[in-house]
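# Per-entry structural report
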Amino acid sequence: MPTAPVITVAFEDVVKGFALDKGMPNQRFTFVPHPIANIPAPTCREYLSGNDPVTGKPIVQEIIGALTGPLTEEEKKTGFIERPIPPRLIGPDTEENLRRLFYANGWTDGLPIVLPTEERIAKMLKGTSRRPDEVVGKMQASSVREFWSYTVEKVAVNAVMAGAKPEHFPVILAIASTGVPSLFTSTTSFARMVVVNGPIRNKIGMNAGIGALGPFNEANAVIGRAWTLLSKNLGNAGSPGSVYMGSHGNNLNYNNMCFPEKEESLPEGWKPFHVQKGFKPEESVVSIFSGHYLIYGDALNNSRCSPPLGQCFYHELIRVLMQDFRSIGPYRTVKATLLLDPTVARRLKEAEGFGTKEKLQQWLKENTFMPVWEYWVSYPKDFQAAKAGVEPLASWLKLPAETIVPISRFDPPKPVEVPGRLLREPISIVVVGGETLPVWYVGNFDYLASASIDKWR
Amino acid sequence: MKKLVNLLLTGVFLVASLSVAFVSHGQEGKMMVLNPLGAPPPIPRVPMAPRLDTLTGKTVYIVDTQFPGTKPFLEEMQKLLSEKFPKVNWVLKDKRGAYFDDDPKLWAEIKEKGQAAIMAIGH
Amino acid sequence: MRKKILTSFILTCLVLTMASYANTQTSVVGSPTPAIGNSPLNPAPIGVTLADIIACGSGYDSHQTYDIKITLLEIIRGEEAWKHIKAASLSNEPPKVGLEYILARIGFEFLARGSPGDCSYELNEEEFTAISSEGKEYKTPSVVLLNPKLRGRLSSGDFVEGWATFLVGMDDNKPLLTFGRSIWFRLY
């Protein structure tokens, strides 16, 4: 079927690369000015009546031309497009030149790297019993991009570059085995989070205490960093403008918020995160989350806890924060991850009656509501019904957009299903921190996957 | 003769030693490293579908890929094309779900009732 | 005298060898042979089980990766294949001139790589494609399929065995079977 794709010009490189990935390097694109979302109709017409910003040809003429006119010999070609396999070794050259080369090729995160000599790779490979040529996994920058597969050796190269040590390597391999890239192709600049559970946390000296999410610990830093490097180099996820399109980028991608859960400080009855996901306590596991940002909260500096309002409850403060943050996602199903300092976890258990993480999750689902605008966006048919006068929806039309209506954000009455997947627990809770202040973070992070680290030792 | 031979041998040896020194000096501080890059897979080509000789009398679907806020643009596209090419049937249809979701039912409908398609648009 | 010349010659050779060795080899450009079944250049024969990784899920929710194992168990071609297809349904049409049917019996296993492993995969025999020896994709024939079908919604741990049907050129002796362009079998 002859098809004319029409794209905004900001994505010229992306779509041409994508078309090549799919075996259609000669796709007849028509480009229009960017952006076109939410612009008034007269402006839309003006754009459509104008010229393709890339070719200079009239847009309408290009669309018609894309559908008609004979194919060229190039467009009729079959077979395969071979791409050169990169050489295994690079050099010999000086350290300075090699560093410059790595940076110029986009193989780094901009920070200095440890050059991956054969000697360093050999040392790194001692951190696992797996063969260097064993395939660890496959990664794609998003579900529509091509898959690249990678071996243990290739992951070792990127681990060395990140400054990791052999004892960190099984964790990095476990992350790589999930196939989730740390850099996601979206224009909204996704972040990732890595949580490590199990005995390996202490064995390799990870920090779950003061500054756990900050730049204070080697293992926390390099493991997360290795994930970004291997996502760029082995998952083809990091070329800005052609694969990576995050408009701002996300600072969290430098080390993907890699930290261990402070299992030793969990109140009794509160299970470690990996145990909640079906692993045994003695297993070492890495869990991956995806979102954009964290919002900070505490009880000390919270005006809701000040006189004359009197005592406040932590679970209420957390709930209010979860009602406020904006979720991003076409399905409009909201997800959240809470990072609770152990002081907060203890208080929630001992003084506020949440004997388990699951009880808190359930309470939050039942009591965290959504603003009415979010309801209309999530349920457009109800919006039509409201306009047709069906109550109580019709009354809601008169409410200001930010008015909270009694519909759960996290457990809505008509959940939107993702085909082929079970509905998942939308709220994740991880305990971490140095207990210097009752603080928490609430992030729009969605739990994606967990992988055994022990398999990669 | 003996002296000449000695001189010759010494000369050759000197030249060789200098080469080593020169080359070693050149290799000083140089290293080999492993390439961090993965290997892209070969891409099977998908040949383009044959194009139409004319759109007159044909049905062309304009598929709205459902990126938020872009409906007005597609509606204007349909209007403009209908004005300019009134003998073509321009059908604007929403694709199911979000912009990255597949919609086999719509593709089947287009195959059955249409002869060409426009896919648009993001952002 | 001779000894001197010989000694000097050996020394010189040694030194020159060191020099050339110090001038270490340049980057090794290697195009390693693809592992069996990973490329159309090295397709796997019948009976070999190939492993691969696929995604389940889409979009912002991100996909999980799952292990799959595929085995090409049996091939039936030509008249024999047509007999089976005709028996499957009277509405099945014979192949057009120049083409003939190939039936491939395939085993497919689907396994989660980690947790949560809750994605189910909708397997359809149309995900398998026949490619000509020149790299051109054959169109999937529209036929009533043989039982057992290579179809189903698979959860982690499920295994399905079924038939896929292809139409290939009669003169094409070495067509290939591919799944997702990452797994390749000889369809001969």
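Preceding block: the structure.
Residues numbered from 1 in each chain as written. Chains lettered and ligands numbered in written order. Predicted model: local features only at pLDDT ≥ 70, side-chain atom pairs only at ≥ 80, totals over all residues.

### Some points on the overall build of chain C
Here is the rule we go by: By definition, any uninterrupted DSSP run of H or I lasting at least four residues is a helix, any uninterrupted run of E lasting at least two residues is a strand, and each is numbered from the N terminus. Any residue with 12 or fewer other C-beta atoms within 10 Å of its own C-beta is exposed, any with 20 or more is buried, and the rest are partly exposed; the C-beta atoms used are placed from the backbone.
When helices and strands are counted, chain C shows 2 helices and 9 strands. For chain C, the succession of helices and strands along the chain, N to C, is α-β-β-α-β-β-β-β-β-β-β. Going through the 188 residues of chain C one by one, you find that 31% of them count as buried.

### Section: helix H10 (residues 218-234) of chain A
Applicable threshold: Expected helix span is given by 1.5 Å per residue-to-residue step, counting one fewer step than there are residues.
Between its terminal C-alpha atoms H10(A) stretches 23 Å, which fits the 24 Å expected from 17 residues at 1.5 Å a residue. Of all 17 residues in H10(A), 16 are buried; the element is thus mostly enclosed.

### Quick notes on the packing of helix H6 (residues 118-125) of chain A against helix H7 (residues 152-162) of chain A
Each pair of packed helices can be described by the angle between their axes along with the distance between the axes. Residue and element names in this part refer to chain A. In plain terms, the rule: Fitting a line to C-alpha atoms yields each axis, with helices limited to the stretch in contact; the angle taken between N-to-C directions then spans 0 to 180 degrees. Each angle receives one of four descriptions, namely roughly parallel if under 35 degrees, roughly antiparallel if over 145, roughly perpendicular if within 65 to 115, and oblique otherwise. Working definition of a contact: two residues with C-beta atoms, positioned from the backbone, lying within 7 Å.
Interhelical geometry of H6 versus H7 gives an angle of 110 degrees and a closest axis separation of 9 Å. For the element pair H6 / H7, the angle class is roughly perpendicular. Between H6 and H7, the contacting residues are Arg 120, Ile 121, Met 124 and Leu 125 on the first element and Glu 153, Ala 156, Val 157, Ala 159 and Val 160 on the second.

### Quick notes on the interface of chain A and chain B
Basically, it comes down to this: Each residue gets one label: Ala, Val, Leu, Ile, Met, Phe, Trp, Tyr, Cys and Pro are nonpolar, Asp, Glu, Lys and Arg are charged, and the others, such as Gly, are polar. Strands qualify as paired when DSSP identifies two bridges or more between them.
The interface of chain A with chain B comprises 76 residues on the first partner and 52 residues on the second. A breakdown of the residues in the side of chain A that touches chain B according to their chemical character gives 43 nonpolar, 19 polar and 14 charged. Of the strand pairs in this sheet, strand S4 (residues 89-94) of chain A and strand S1 (residues 30-34) of chain B are connected by 4 bridges, and their pairing is antiparallel. Bridge pairing in S1(B) places A:Thr94 opposite B:Lys30.

### A few points about the sheet that holds strand S7 (residues 159-169) of chain C
Residues and elements named next belong to chain C. In spatial order, the strands read S1-S2-S3-S7; together these 4 strands make up an open sheet with antiparallel pairing. Lying at the two open borders of the sheet, with one neighbouring strand each, are strand S1 (49-56) and S7. Between one strand and the next, the sheet's axes are offset by a mean angle of 35 degrees, whatever the strand orientation. In this structure, S1 lies alongside strand S2 (residues 64-77), joined through 8 bridges in antiparallel fashion. By the bridge assignment, Leu 50 is partnered in S2 with Ile 70.

### Side note on the packing of helix H12 (residues 314-324) of chain A against helix H14 (residues 357-367) of chain A
Residue and element names in this part refer to chain A. Rules: Crossing handedness follows the turn of the near helix against the far one: under a right angle anticlockwise gives a left-handed crossing, and clockwise gives a right-handed one.
Contact pair H12 / H14: the axes reach a minimum separation of 10 Å and the direction vectors enclose 50 degrees. As the angle between them shows, H12 and H14 are arranged oblique. Classified by chirality, the crossing of H14 by H12 is right-handed. For the pair H12 and H14, the contacting residues are His 315, Arg 319 and Met 322 in the first and Leu 360, Trp 363, Leu 364 and Asn 367 in the second.

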